[in-house]
Amino acid sequence: MTCDVAPQQPGWFYRLSSFFRRKFGEPVYKIPIDAGFSCPNRDGTIGLDGCSYCYNPSFAPFSRSDTAVSISEQIIRGMKKNKQALYLAYFQSYTNTYGPLDHLKALYDEALSNSEVIGLSIATRPDCISEGILEMLENYADRCHLWIEYGLQSAHDNTLNRINRGHDSASFAEAVNLTRNRGIYICAHIILGLPGETPSMMYKTIDFLNRLGVDGVKFHHLQVIRHTTLAGQYMQGEVCVYEKAEDYIPILCNCLEKLSPGIVIHRLASQATSEALLIAPHWPESAGEIASLVEHELKIRGTHQGSLFKISTM
Ligand code: SF4
């Protein structure tokens, strides 16, 4: 694991805000950016339909029409929402390493040209990375704070097939192994409650991440979004969701107990940007309230992130 900042104890789980405060001594905010990328699982390179749950405008605050807005302008707009602070440019929409090296470099350089941006967080697919891209990112990591966020969603290939990810878990492991030891922090995105998955399957995904030694995890609960394949499956009664946060919190806490205590938690649950796009579930709780519920549950249990952590062989 490349994570070089130990969690501050005691704590129920290792918050990203805590990691940033320990590393930089002040808050760091991520500014979401749509840099106009596409995705090989949508443009026909891998597939045309995309992942079954994906409709990008539902989780990226800038719509595609906003790509006419430059990266510099998106950063300035994002800063206005926050007080004086440090910032990471979060290349969030679609697949943010999917392009020629010189194009990628121009985009990342534009983001870093703002003196208040101390680094980058780059979301991508594990099969859209290469030695050349990683060498370039390694150079950025020498001079700025750099996270790469790989979508995994599940460590189970039958699930990945079912949700049409277009890659397998071995592809994710290979990307992590290629990225390791370059000074780049590695975050994995996973979804709890995917079709056909039992809790024990989700815990195996946690074990998979522990063994690979990622630095961060972003948890999502399955959300059904309009304009997706999943929406049709949900309407047909083929897919279930956690109807209430109370259904999700115990599973999430079980995952946290099994997760290495040194892995930073970037997020605890999905955050659809538009209620109008969200079919289900509709939880009234805010992200902050979900965090409070998680802390409350762990407190009642007398446990914390990593209290059941052990590396096992699958
Ligand atoms: S979730 Fe990511 S990889 Fe899947 S279709 Fe959407 S943008 Fe592409």
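As shown above, the structure is provided for reference.
## Focus on unusual backbone geometry
For the bond running from alanine 280 to proline 281, omega is -10°, close enough to zero to count as cis. The residue tyrosine 94 is not glycine, and still its phi comes out positive at about 60°. Positive phi outside glycine occurs at histidine 227, with the angle close to 70°. In this fold, histidine 227 is placed in the loop between strand E7 (224–225) and helix H8 (229–235). Of the residues examined, histidine 227 reaches a relative accessible area of 59% and is grouped as exposed.

## Digging into the site of the ligand
Taken together, the neighbourhood of the ligand is formed by Cys39, Arg42, Gly50, Cys51, Tyr53, Cys54, Asn56, Tyr94, Arg125 and Arg165. Across the shell around the ligand, the residue classes break down as 5 nonpolar, 2 polar and 3 charged.

## Describing the pattern of salt bridges
This structure, assessed with the given rule, holds 12 salt bridges. In this structure, the salt-bridge partner of aspartate 109 is arginine 143, at a minimum N-O distance of 3.7 Å. Of this pair, aspartate 109 sits in helix H3 (residues 101–112) while arginine 143 is found in helix H4 (residues 131–143), placing the two residues 34 residues apart along the sequence. Look at aspartate 109 and you get partly exposed, because its relative accessible area is 25%. Residues aspartate 207 and arginine 211 are paired through a salt bridge, measuring 3.4 Å at the closest nitrogen-oxygen approach. Of this pair, aspartate 207 and arginine 211 both sit in helix H7 (residues 199–212), separated by 4 residues, roughly a single helical turn. Take aspartate 207: its relative accessible area is 8%, and that puts it in the buried class. Residue arginine 211 is classed as partly exposed on the basis of its relative accessible area of 36%. Each of Lys30, Glu149 and Lys218 takes part in one network of salt bridges that share partners.

Parameters at a glance
Residues numbered from 1 in each chain as written. Predicted model: local features only at pLDDT ≥ 70, side-chain atom pairs only at ≥ 80, totals over all residues. Heavy atoms only, no water. Helix = DSSP H or I, 4+ residues; strand = E, 2+ residues; numbered from the N terminus. Buried < 20%, exposed > 50% of the residue type's maximum accessible area, 1.4 Å probe, protein only. Near = heavy atom within 4 Å. Nonpolar A, V, L, I, M, F, W, Y, C, P; charged D, E, K, R; others polar. Salt bridge = Lys/Arg side-chain N within 4 Å of Asp/Glu carboxyl O.

As far as function goes, none of this settles anything; it's purely spatial.
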